[in-house]
Amino acid sequence: MQRSALIALLFSALFFSVSTSNAQNRRGPGRDPWTYGNGNNKWDPSWNQRPMPSTGACFFTDAGFRGNRFCVRRGDRLDRLPGNFGDNISSIQVFGRSRVVVFNDRNFTGGSQQFNGSVQDLRNRRFRDGHTWNNRISSVIVQ
């Protein structure tokens, strides 16, 4: 009887811990894997291990959805990119019928373009004056 009581106690503790953790992940800033703006926007390798959003977009440093990445949920607006991603994006993967508006400069200025789907290589998307969108994006809106 003591063994079954111990197993029940351990199971309850584990269940409570997982439930509390999941509830905290659904609450407030800092718990969501893709929340920025808390003053801790320095890129670290764990960003590459975070889950892709069900609706939103991921931005990659290399063409073909490779290299380091950060992701944004639909409805988010970043007036500047986190980490050292400004002017360092080469592909965009879009999820859940989202659209992405990219801007050449911070604060949603300097020329823009909307992408309605994933872009495997931004070298193939013209900007202006013979330039492309490769390594040019400094702010984004995901709709």
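Refer to the structure printed above.
Quantities reported herein were computed from a predicted structural model and do not represent experimental measurements.

Colleague: Would you explain the overall build of the protein in this entry?
Modeller: A count of helices and strands for the protein gives 1 helix and 7 strands. Reading the protein from its N end, one meets helices and strands in the order α-β-β-β-β-β-β-β. Counting the 143 residues in the protein, one finds 34% classified as buried. Partitioning the intrachain contacts of the protein with sequence separation of at least 6 by distance along the chain shows that 60% fall at a separation of at least 24.

Colleague: Quick question: what am I supposed to make of the pairing of strand 1 (residues 56–62) here?
Modeller: Most of strand 1 is tucked away: 6 of the 7 residues are buried. Summarising the sheet, strand 1 and strand 2 (residues 66–73) pair through 6 bridges and their orientation is antiparallel. Looking across to strand 2, one finds that A57 is bridged to V72. Counted along the chain from strand 1 to the antiparallel partner strand 2, the turn is 3 residues long, and its residue G64 has a positive phi close to 75°. In this sheet, strand 4 (residues 91–95) lies alongside strand 1 in antiparallel orientation, the contact comprising 5 bridges.

Colleague: Help me understand the state of the cysteines in this model?
Modeller: What is meant by a disulfide is a covalent connection between two cysteines, made through their sulfur atoms. Scanning the model with the defined rule gives 1 disulfide in all. Bridging C58 to C71, the disulfide has an S-S length of 1.9 Å. Judged by the sign of its S-S torsion, about 100°, the cystine formed by C58 and C71 is right-handed. Here the residue C58 occupies a position in strand 1, and C71 occupies one in strand 2, the gap between them amounting to 13 residues.

Colleague: In this structure, what is going on with the nonpolar core? I would like to understand it.
Modeller: The tendency in soluble globular proteins is for nonpolar side chains to be buried as a group. One finds F59, F70, I89, I92 and I137 to be the most contacted residues of the largest nonpolar core, which totals 26 residues. Of all elements in the fold, only strand 1, strand 2, strand 4, strand 5 (100–105) and strand 7 (139–142) reach the threshold of two or more residues within this core. Beyond its immediate stretch of four places on either side in the chain, I92 contacts A57, C58, F59, F65, V100, V102, F115, S118, V119, L122 and I137.

Colleague: Help me understand the sheet that holds strand 5 in this model?
Modeller: Pairing between sheet strands relies on hydrogen bonds along the backbone, with the strands arranged either parallel or antiparallel. Overall, antiparallel pairing links the 4 strands, which are arranged 3-7-5-6 in an open sheet. Of all the strands in the sheet, the pair left with one neighbour each is strand 3 (77–78) and strand 6 (109–115). Relative to strand 6, strand 5 is paired through 5 bridges, and the arrangement is antiparallel. Considered in strand 6, the bridge of V100 is made with F115.

Colleague: Sorry if this is basic, but what is going on with the sheet that holds strand 4 here?
Modeller: The 3 strands lie next to each other as 2-1-4, forming an open sheet whose pairing is antiparallel. Because the sheet does not close on itself, it has two edges, and the strands there are strand 2 and strand 4. Geometrically, the sheet is characterised by an average inter-axis angle of 20° between neighbouring strands, direction not taken into account.

Parameters at a glance
- Residues numbered from 1 in each chain as written.
- Predicted model: local features only at pLDDT ≥ 70, side-chain atom pairs only at ≥ 80, totals over all residues.
- Heavy atoms only, no water.
- Helix = DSSP H or I, 4+ residues; strand = E, 2+ residues; numbered from the N terminus.
- Buried < 20%, exposed > 50% of the residue type's maximum accessible area, 1.4 Å probe, protein only.
- Contact = heavy atoms within 4.5 Å.
- Pairing = 2+ DSSP bridges.
- Disulfide = S-S within 2.5 Å.
- Core = buried A, V, L, I, M, F, W, Y, C linked by side-chain atoms within 4.5 Å.
- Axes fitted to C-alpha atoms, helices over the stretch in contact; angles between N-to-C directions.

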